[in-house]
Amino acid sequence: MDVSGILALSPIFITVISGIVIIIYFSKKASPVSPVEQDDPPVFPAVPLDKGDADKVTSNVSKSKKKADKVPPHRDNKSKFSHPWLLSSLKGHNDNVLDMSFSPNGKYLASCSMDRSVLLWQTRHFSEREHKSTRVNVEFDHATGVSWSPDNHALLCAKHNENRLQVYKLSKKSDGTLGNPQVAVTFDKLDDDPLVGSGISSNGGSAEQRHSAGHYVMCCSERGRLTVFDLRGGVLASTDTRQAPVHAARISPCGRFIMSAGFTPDVKVWEVAFTRSGDFDKLSRAFELKGHTSGVLDLSATPDSFRMVTVSRDGTWKLFNTNVEYRIGQDPQLIQSAPCGGGESGPASRVALSPDGCTVAVGARSDVQLFSAETGDMMATLAALHSSPITCMLFDPTSRYLLTTGDKHIRILHNVPGCRVNIQVMKDKLAKTTNHTLKERLTAQVKELQAFLSTLGE
């Protein structure tokens, strides 16, 4: 080909080459970042969008963000609960409440939560709409159990991560409220096993019991290691309950016994003996609560420890008379037994006995069944009290209220079944007594309880 032919074709080559360069340039400009340059893989597949679609997506995203911003913090629709027996709900924790405990003088309630706090509530404010509380921070951990010292001036907390006990001293402010919590004693860690029970002894109960009671601290691990400490953290005694896994361990309200329940169908009750001078003597087996056919999940006792109640995997609760001469071999007597739980509520796992011994409360998931301790009859069922399974139940010292928790709120309910049982017990006493003064007192009490029930529409 001569020079004139090449020159004739050159415009065509130039045009083609220019077109290829332009196509390559714009294709690179529109292509996504290469996998080497991209930090994270795309969450959604790359779909080409025109300008109108892109504007719609941006608009929808901005609207959804605005809606999210308008949602109030800590909104929890599942926590809403209403019932004619509901006195109030204590709201202050930001996570599930795990345990509760009344102070021995009945003036305060302590509650511990997974939010790394222990809140102290004044019981005289229970009926009010707003509930103020004093906060105790559990640093770098949260408490799974909380209990009061007999003098109402200290709290014992079982720490979850460290598996050890810690005591907080409390002082009073000028306005009379509790405050300024300070760590007083941190107990040595015994092992890596989770703690399922802890407490501080109380000097309650009868005069006969007080002479042999003393101050001590107890903890029990899931594998069954039961340890008794002095108030400074020194180990006084230790034993194996042989119930692993242990589900519950409690100090009786009178401070004389330690109760443990676990894999075995029998509850073991230990006596913590002290000399008359208040020195520790020994930890020894007192008696057992027998009758269940499967592991016991929870237990409770009256303030004098003359009555104890248990709930088991076998689907029953049992009430025992424990005011026996166990030192000469006398066994506790079974008073009542009744089926509980089952159905949609599932197996029962929590139980509480009212201080007056008239009412048994059984918790199954988020429901509570209330029974008469006199007859064993189920008197009421309170459904869906919480948005998750119940973790703790207890009656207040007067037996007027039942407190439950299973989420971040604490429900306070009137003990209406207990009120009815008390009315019937008083009527039975009225029919039998010939004492004029006693009749007048019982009649006045019956009228007072009946008037209270009428205010609730009962």
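Note: the structure precedes this text.
Residues numbered from 1 in each chain as written. Predicted model: local features only at pLDDT ≥ 70, side-chain atom pairs only at ≥ 80, totals over all residues. Heavy atoms only, no water.

Caption draft 1: Spatial organisation of the side chain of E271. Along the polypeptide, E271 turns up in strand β16 (residues 267–274). The buried category is assigned to E271, whose relative accessible area is 5%. At 2.6 Å, the side chain of E271 forms a polar contact with the side chain of R327. In this structure E271 touches R256, F257, K282, L283, S284, A286, Y326 and R327, once residues within four positions along its chain are discounted. (Helix = DSSP H or I, 4+ residues; strand = E, 2+ residues; numbered from the N terminus. Buried < 20%, exposed > 50% of the residue type's maximum accessible area, 1.4 Å probe, protein only. Polar contact = N/O pair within 3.5 Å; in protein donor to acceptor, adjacent residues only side chain to side chain. Contact = heavy atoms within 4.5 Å.)

Caption draft 2: Looking closely at the sheet that holds strand β6 (residues 143–148). Spatially, four strands are ordered β6-β7-β8-β9 in an open sheet, and the strand pairing comes out antiparallel. Every other strand in the sheet has two partners, leaving β6 and β9 (178–186) as the edge strands with one partner each. When the angles between neighbouring strand axes are averaged without regard to direction, this sheet yields 25 degrees. As paired strands, β6 and strand β7 (residues 154–159) are joined by five bridges and run antiparallel to one another. Paired with W148 across the strands is L155, a residue of β7. (Pairing = 2+ DSSP bridges. Axes fitted to C-alpha atoms, helices over the stretch in contact; angles between N-to-C directions.)

Caption draft 3: Quick look at the sheet that holds strand β3 (residues 108–113). The strand order across the open sheet built from four strands is β2-β3-β4-β5, with neighbouring strands paired in antiparallel fashion. Of all strands in the sheet, those bounded by a partner on one side alone are β2 (97–102) and β5 (133–137). Going across the sheet, the axis of each strand differs from the next one's by a mean of 20 degrees, ignoring polarity. Here strand β4 (residues 117–122) runs beside β5; their pairing, made up of five bridges, is antiparallel. Its bridge partner being in β5, W121 is matched across the sheet by S133.

Caption draft 4: A look at the pattern of salt bridges. In the structure shown here, the tally under the stated rule is ten salt bridges. R225 is paired through a salt bridge with D191; the nearest N and O atoms lie 3.8 Å apart. Taken as a pair, R225 in strand β12 (residues 225–229) and D191 in the loop between β9 and β10 (195–200) lie far apart in primary sequence, 34 residues in all. The exposure class of R225 is partly exposed, given its relative accessible area of 35%. Because the salt bridges share partners, they merge into one network encompassing K159, E162 and R164. (Salt bridge = Lys/Arg side-chain N within 4 Å of Asp/Glu carboxyl O.)

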